[in-house]
Amino acid sequence: MNEVELRQLRCLVAIVDEGTFTDAAIALGVSQAAVSRTLAGLERVLGVRLLRRTSREVTPTAAGTRVVERARRVLADVADLVQEAASGPRRLRIGYAWSAVGRHTVAFQRGWTAAHPGTELHLVRVNTASAGLGEGACDLAVLRRPLEDRRFDSAIVGLERRLCALAADDPLARRRTVRLADLTGRVLLVDRRTGTTTPELWPPGSRPVVEETHDVDDWLTAIGAGRAVGVTAESTANQYPRPGIVYRPVRDAAPVAVRLAWWRDDPHPAHQAVLELLSDLYRAG
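This write-up is about the structure you can find in this document.

Procedures and definitions
Residues numbered from 1 in each chain as written. Predicted model: local features only at pLDDT ≥ 70, side-chain atom pairs only at ≥ 80, totals over all residues. Heavy atoms only, no water. Pairing = 2+ DSSP bridges. Helix = DSSP H or I, 4+ residues; strand = E, 2+ residues; numbered from the N terminus. Axes fitted to C-alpha atoms, helices over the stretch in contact; angles between N-to-C directions. 1 Å grid on protein atoms, 1.4 Å probe; cavity = no way out; pocket = protein on both sides within 12 Å on 5 of 7 lines; lining within 4 Å. Points joined across faces, edges and corners; volume = space filled by probe spheres on them. Nonpolar A, V, L, I, M, F, W, Y, C, P; charged D, E, K, R; others polar. Core = buried A, V, L, I, M, F, W, Y, C linked by side-chain atoms within 4.5 Å. Buried < 20%, exposed > 50% of the residue type's maximum accessible area, 1.4 Å probe, protein only. Contact = heavy atoms within 4.5 Å. Parallel < 35°, antiparallel > 145°, perpendicular 65-115°, else oblique. Left-handed = near helix turned anticlockwise from the far one by under 90°. Arc of directions from axis to C-beta. Right-handed = clockwise from strand over helix to strand, strands pointing away. Salt bridge = Lys/Arg side-chain N within 4 Å of Asp/Glu carboxyl O.

Brief notes about the sheet that holds strand S6 (residues 152–160)
Spatially, S4-S3-S5-S12-S6 is the arrangement adopted by the five strands of the open sheet, whose pairing is mixed. The sheet is open, and its two borders are formed by strand S4 (120–125) and S6, each paired with just one other strand. Going from strand to strand, the sheet's axes swing by 25 degrees on average, the running direction of each strand aside. By the bridge criterion, three bridges tie strand S5 (residues 140–143) to strand S12 (residues 256–263) in an arrangement that is antiparallel. Along S12, the bridge assignment pairs leucine 143 with arginine 259.

See the structure below:
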């Protein structure tokens, strides 16, 4: 089976950008005949006509327009790959499930940009157990529960208080703090895949009624309506303040450990720098 080659995509883009086969040949440093053969080969592989050629101009067909658009992205991705292999990564993606690093998020973003201007930071919300790490959606991940998958390694960067999320008109909202026992018999909304709260926080026989959700917006909507309560890490309150919802510390619940995770056998080159910056932020906070 024939495959599309990068030189064919470069040729197509050059023809469209330069406007003629002659100018494309000059830009690519090849003969006009080579440009014609390369384009013909690409059209054979794809099975579609890509360009309309007249005595005055060359214009892409409808299919050609779509292919050119995709070809530009492919060539840009390859250029990034070459650059990264030669001089290190230019982009760092950090995944998280519900909240990034709470009230430290902005300081982390600005601190990273100041210290590493050549590596662009992206925070990516992925609601999976590995916050996108196992799915390839990110390079590092911020997690608030241990990873049992042996493919990954992690380190604790800080601790966060555990808070109870309540509707603003809930009787418990008038208190400064709540206890786990105050939630016995209530409906507790949890995310078993990524959340930090499980019924095992309560002693047997005094556990709340558990319902499941898989999205923070659904969680907030149900709590705001007074249908349920939630127990979450402090970062959720920082990341998702919402009218009609209050957060109160749970004074007898253990804090939540915040972890940075990475691939054990292929850690991202920036993982140590991220680990140090986040640890410093949590320590100072």
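Re the layout of surface pockets
Volume-wise, the second largest pocket comes out at about 170 Å³. Taken together, 14 residues line the second largest pocket, and the ones lying closest to its centre are Arg144, Arg145, Pro146, Arg162 and Thr196. Sort the elements by how many residues they give to the lining of the second largest pocket and S12 lands first, with three residues. When the residues that make up the lining of the second largest pocket are grouped by side-chain class, the tally is five nonpolar, four polar and five charged.

With respect to the nonpolar core
Counting residues in each nonpolar core, the largest one holds 20 residues, and the members touching the most others are Leu92, Ile94, Phe108, Val142, Leu260, Val274 and Leu278. Elements with a minimum of two residues in this core: strand S3 (91–96), helix H5 (105–115), S5, S12 and helix H8 (271–284). Among the elements that line this core, the one with the most residues is H8, at five residues. When neighbours within four sequence positions are excluded, valine 142 is seen to be in contact with Ile94, Gly95, Tyr96, Ala97, Ala100, Val101, Ala131, Val258, Arg259, Leu260 and Leu278. Membership of the second largest hydrophobic core comes to 19 residues, among which are Ala14, Ile15, Val35 and Ala71.

Concerning the packing of H5 against H8
Two elements in contact, H5 and H8, have axes separated by 10 Å at closest approach and are oriented at 135 degrees. By the angle between their directions, the pair H5 and H8 is classed as oblique. The interaxial crossing formed by H5 with H8 has right-handed handedness. Across the interface between the two elements, Ala107, Phe108, Gly111 and Trp112 of H5 pack against Ala273, Val274, Leu277, Leu278 and Leu281 of H8.

Regarding the side chain of threonine 105
With respect to the element layout, threonine 105 can be found in helix H5. Excluding anything up to four places from it in sequence, threonine 105 contacts Ala100, Leu123 and Gln239.

Some points on empty space enclosed by the protein
Overall, the coordinates contain two cavities of 30 Å³ or more when judged by the stated rule. Along the walls of the largest cavity sit 23 residues, with Trp98, Thr194, Gly195, Thr196 and Thr232 positioned nearest its centre. Mapped onto the lining of the largest cavity, the elements with two or more residues apiece are S5, strand S8 (187–190), strand S10 (230–233) and helix H7 (234–239). Of the residues contributing to the lining of the largest cavity, the split by class is eleven nonpolar, nine polar and three charged. The calculated volume of the second largest cavity comes to roughly 40 Å³. Ile94, Tyr96, Ala100, Val101, Phe108, Leu123 and Val142 are the residues that line the second largest cavity. A breakdown of the residues in the lining of the second largest cavity according to their chemical character gives seven nonpolar, no polar and no charged.

What to know about H5
Turning to H5, its buried residues number three or more, namely Thr105, Phe108 and Trp112. Relative to the axis of H5, the buried residues are bounded by an arc of 60 degrees and lie together on one face. In this structure, H5 carries Arg110 and Ala114 as exposed residues pointing more than 90 degrees from its buried face. Against S3, S4, H7 and H8 lie the buried residues of H5.

Comments concerning the pairing of S4
The sheet contact formed by S3 and S4 spans six bridges and is parallel. Each residue of the ladder has a partner; that of tyrosine 96, found in S4, is arginine 125. Read as a crossover between parallel neighbours, the route from S3 over H5 to S4 is right-handed.

Some words on the pattern of salt bridges
With the rule as written, the count across this model stands at 14 salt bridges. One salt-bridge network, held together by shared partners, links Arg175, Arg179 and Asp182.

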